[in-house]
Amino acid sequence: MTPQSRNIATEWLVNAGLRPTRQRVALAELLVGDGRHRHVTAESLFESAKSNGDAVSLATVYNTLRAFCDAGVLQEITVDGSKSYFDTNTHDHPHFFWEDESRLSDAPSDQLVIKRLPEAPEGVEIASVDVVIRLRRKS
């Protein structure tokens, strides 16, 4: 990584109110150091960190991703109720889930139209709506 990508990662953490520890900076650099948005799993981020020579455990990656979500700089998208992806783009937007590749990507927001949602039960409000569109190659 470069000093510039490290600076981007450190600033991202500080702006989120997170202490820029060595491990957080290393993981943040992999997530946002190049200024591009990405979708990762804890396992894929762990492998990237390992390939980069960063000494972090998988448990640390999970804990750090949770802290990033709690700070509002990552969005967690759950697929099938068990597989979580983490998105650096925290604005509301739909996703494509590529079943054949177990991969998540952004779907065009401007093409999504939700005309009406069901009314929320009494005493609660709708906090958000997650849209994951599953894709499968035609046989």
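These lines cover the structure that appears in this document, whether it is placed above or below. All figures in this text were calculated on a predicted structure; none of them were measured in a lab.

**Topic: the overall build of the chain**
Within the chain one finds four helices and six strands. Along the chain, helices and strands appear, N-terminal first, in the series α-α-β-α-α-β-β-β-β-β. For the C-alpha atoms alone, the extent of the chain along its principal axes is close to 45 × 45 × 30 Å. Expressed as a percentage of its 139 residues, the buried residues of the chain come to 34%. Accessible area for the chain stands at about 9,100 Å²; split by element, carbon and sulfur atoms hold 48% of it.

**Regarding the side chain of Glu29**
Positionally, Glu29 belongs in helix α2 (residues 22-32). Take Glu29: its relative accessible area is 6%, and that puts it in the buried class. When neighbours within four sequence positions are excluded, Glu29 is seen to be in contact with Met1, Thr2, Ser5, Arg6 and Ala9.

**A word on the nonpolar core**
Formed by 23 residues in total, the largest nonpolar core has its most connected members in Trp12, Leu31, Leu45, Val61, Leu65, Phe68 and Leu74. Every element with two or more residues in this core is listed here: α1 (3-15), α2, α3 (42-51) and α4 (58-70). Considering each element in turn, this core owes the most residues, six residues, to α2. Those residues in contact with Leu45, other than ones at most four positions away along the chain, are Leu27, Leu30, Leu31, Val40, Val61 and Leu65. Among the nonpolar cores identified, the runner-up in size contains five residues, and Val79, Tyr85, Phe97 and Leu104 belong to it.

**So, the packing of aromatic side chains**
Pairs of aromatic rings are described using the distance from one ring centre to the other and the angle between the two planes. Evaluated as defined, the whole model comprises three aromatic pairs. Relative to Phe68, the ring of Trp12 lies with its centre 5.1 Å away and its plane at 85 degrees, an arrangement referred to as edge-to-face. One end of the pair, Trp12, is in helix α1; the other, Phe68, is in helix α4, and 56 residues separate them in sequence. The exposure class of Phe68 is buried, given its relative accessible area of 0%. Between the aromatic rings of Tyr85 and Phe97, the centroid separation amounts to 5.9 Å while the plane-to-plane angle is 65 degrees, which identifies the pairing as edge-to-face. Within this pair, whereas Tyr85 is found in strand β3 (residues 83-87), its partner Phe97 is found in strand β4 (residues 95-98), the two being separated by 12 residues in sequence.

**Concerning the packing of α1 against α2**
Two elements in contact, α1 and α2, have axes whose closest approach is 8 Å; the angle formed by their N-to-C orientations is 105 degrees. Put simply, α1 runs roughly perpendicular to α2. Only Arg24, Val25, Ala28, Glu29, Leu31 and Val32 of α2 make contact with α1, whose side of the interface consists of Ser5, Arg6, Ile8, Ala9, Thr10, Trp12 and Leu13. The class makeup of the residues in the contact of α1 with α2 is eight nonpolar, two polar and three charged.

Reading guide: rules and limits
- Residue positions are counted from 1 within each chain, in the order its sequence is given.
- In keeping with the predicted nature of the model, local features appear solely for residues at pLDDT of at least 70, side-chain atom pairs appear and are counted solely at 80 or more, and the whole-chain, interface and lining totals rest on all residues.
- Note that the side-chain values use all heavy atoms of the structure and ignore hydrogens as well as water.
- Put simply, DSSP H or I for four residues or longer makes a helix, DSSP E for two residues or longer makes a strand, and each gets a number counted from the N terminus.
- The classification of residues rests on relative accessible area computed with a 1.4 Å probe and restricted to protein chains. Under 20% of the type maximum is buried, over 50% is exposed, and intermediate values are partly exposed.
- Note that accessible areas follow from Shrake-Rupley with a 1.4 Å probe, and for residues the cover is restricted to the protein chains shown.
- For this analysis, residues touch if any pair of their heavy atoms sits within 4.5 Å.
- Buried Ala, Val, Leu, Ile, Met, Phe, Trp, Tyr and Cys residues form a nonpolar core when they are joined through side-chain atoms within 4.5 Å.
- Any pair of Phe, Tyr and Trp rings, taking the six-membered ring for Trp, is counted once the centres come within 6.5 Å. Such a pair is stacked with planes under 30 degrees apart, edge-to-face with planes over 60 apart, and tilted for the rest.
- A fitted line through C-alpha atoms represents every axis, and for helices the fit uses only the stretch in contact; the resulting angles, taken between N-to-C directions, go from 0 to 180 degrees.
- Roughly parallel covers angles under 35 degrees, roughly antiparallel covers those over 145, roughly perpendicular covers 65 to 115, and oblique covers all other angles.
- Residues are grouped as follows: Ala, Val, Leu, Ile, Met, Phe, Trp, Tyr, Cys and Pro are nonpolar; Asp, Glu, Lys and Arg are charged; every other residue, Gly included, is polar.

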